[in-house]
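# Breakdown of the fold
Listed below, chain by chain, are the residues.
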Amino acid sequence: MKRNKPTEFAKYLHSFLVQYLANEKNVSHNTVKSYATAFKLLLDFLYEEMGMNPDRIEFDDINSEVIIEYLEWMEKTRNISISTRNQRLAAIKSFYKYVSKKSPSMIYTCSSIIWLDAKKGSNRMIPYLDMDQITILIEYLKEYRSMKELLLFSVLYETGARVSELISIHVSDLRLDKEHSMIVLHGKGNKVRRLPISKDLSTMITCYLKGDDYVDWDGIGYLFYSQQHAPYTRFAINYMINS
């Protein structure tokens, strides 16, 4: 039985996900997984709504109108947020930019998709604490909560770390000395931020690591462990902040 050759779309998509993102761009596994999900859903849409078999899809089958219909389909059938919709669009645009660079003859085909706009959401007021509220919070933590929780909130406040960055901190990410203390934060897409920290925070971390509040429960060396002797989850940190 004669097998069909892979289409140009399939070849480029495989190269983009397997070689370009993981090897050339060196993005994280989670980023590759997120991009792959965007295309899996696109293939589902093309099959379910337009009757296109995934192994037969060509570049001419997909234009900006098709992508817009796909995004609307996800919002209606998957009940995704505007933020997730825009993430899926960003993944698709990144692929078409890759294709246009690899094959300049495809620029015209790719351009209409590359220039699609993200969907605007409602502007939300981002809540924050003023200095008086921060002072009250720290004094409350000193009196009623553990050294670990006081340090956790202090790191969040001084570094502006995201929760995902906070729970990923290892002891090896710390440089604690009298003059130039620093903390290394690891964010999305393997992004690294090196931030100086104050002498007060450096002293607090040192006391915490030498005290009874800290135990390296799994030998990996996270800075913060939960009562279950495991690294914190984002849900647990958010619960702690709101409690």
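Everything here concerns the structure above.
Rules of the game
Residues numbered from 1 in each chain as written. Predicted model: local features only at pLDDT ≥ 70, side-chain atom pairs only at ≥ 80, totals over all residues. Heavy atoms only, no water. Helix = DSSP H or I, 4+ residues; strand = E, 2+ residues; numbered from the N terminus. Buried < 20%, exposed > 50% of the residue type's maximum accessible area, 1.4 Å probe, protein only. Contact = heavy atoms within 4.5 Å. Areas by Shrake-Rupley, 256 points an atom, 1.4 Å probe, with all protein chains shown as cover. Phe/Tyr/Trp six-rings, centres within 6.5 Å; stacked < 30°, edge-to-face > 60°. Axes fitted to C-alpha atoms, helices over the stretch in contact; angles between N-to-C directions. Parallel < 35°, antiparallel > 145°, perpendicular 65-115°, else oblique. Left-handed = near helix turned anticlockwise from the far one by under 90°. Pairing = 2+ DSSP bridges. Core = buried A, V, L, I, M, F, W, Y, C linked by side-chain atoms within 4.5 Å.

All right, on to the overall build of the protein chain then. Each helix and strand counted, the protein chain has 10 helices and three strands in total. Across the protein chain, helices and strands are ordered from the amino to the carboxyl terminus as α-α-α-α-α-α-α-α-β-β-β-α-α. Sorting the 243 residues of the protein chain into buried and exposed places 37% on the buried side. Considering only contacts within the protein chain whose residues lie at least 6 apart along the sequence, 59% involve residues at least 24 apart. Per element, the accessible surface of the protein chain, about 16,000 Å² overall, is 52% carbon and sulfur.

Using the criterion set out here, one finds 20 aromatic pairs in the structure. When the centroid spacing of 5.8 Å and the interplanar angle of 25° are considered together, the rings of Phe 16 and Tyr 20 count as stacked. Of the two residues, Phe 16 and Tyr 20 are both situated in helix 1 (residues 8-24); the distance of four residues between them amounts to about one turn of the helix. Aromatic pair Phe 95 and Tyr 96: ring centres 5.2 Å apart, planes at 80°, arrangement edge-to-face.

Right, let's talk about the packing of helix 3 (residues 64-78) against helix 4 (residues 82-102) for a bit. The description of two helices packed together rests on the angle between their axes and the distance between the axes. Where helix 3 meets helix 4, the closest approach of the two axes is 10 Å, and the angle between their N-to-C directions is 150°. It follows that helix 3 is roughly antiparallel to helix 4 by the angle criterion. With respect to the hand of their crossing, helix 3 and helix 4 are arranged in right-handed fashion. Contacts between helix 3 and helix 4 involve Ile 67, Tyr 70, Leu 71, Glu 72, Met 74 and Glu 75 from the first element and Ile 82, Arg 85, Arg 88, Leu 89 and Ile 92 from the second.

In this section: the pairing of strand 2 (residues 182-186). Examined bridge by bridge, strand 1 (residues 174-175) and strand 2 share two bridges and lie antiparallel to one another. Looking at the pairing, Leu 174 lines up with Ile 183 of strand 2. The turn joining strand 1 and strand 2, which pair antiparallel and follow one another in sequence, is formed by six residues. Here five bridges tie strand 2 to strand 3 (residues 192-196), and the two strands are oriented antiparallel to one another. In the strand pairing of strand 3, Val 184 is matched with Arg 194. In textbook terms, the turn of a hairpin is the stretch between consecutive antiparallel strands, and for strand 2 and strand 3 this stretch comprises five residues, one of which, Gly 189, has a positive phi near 65°.

Before going further, it helps to examine the nonpolar core. By size, the foremost hydrophobic cluster in this structure holds 38 residues, and its most contacted members are Phe 16, Leu 42, Ile 62, Ile 67, Tyr 70, Phe 95 and Tyr 96. Among the secondary structure elements, those contributing two or more residues to this core are helix 1, helix 2 (29-50), helix 3, helix 4 and helix 5 (107-114). The element that contributes the greatest number of residues to this core is helix 2, accounting for eight residues. Beyond its immediate sequence surroundings of up to four residues, Phe 16 is in contact with Leu 21, Tyr 35, Phe 39, Ala 91, Ser 94, Phe 95 and Tyr 98. Counting 27 residues, the second largest nonpolar core, distinct from the first, contains Leu 174, Ile 183, Ile 197 and Leu 201.

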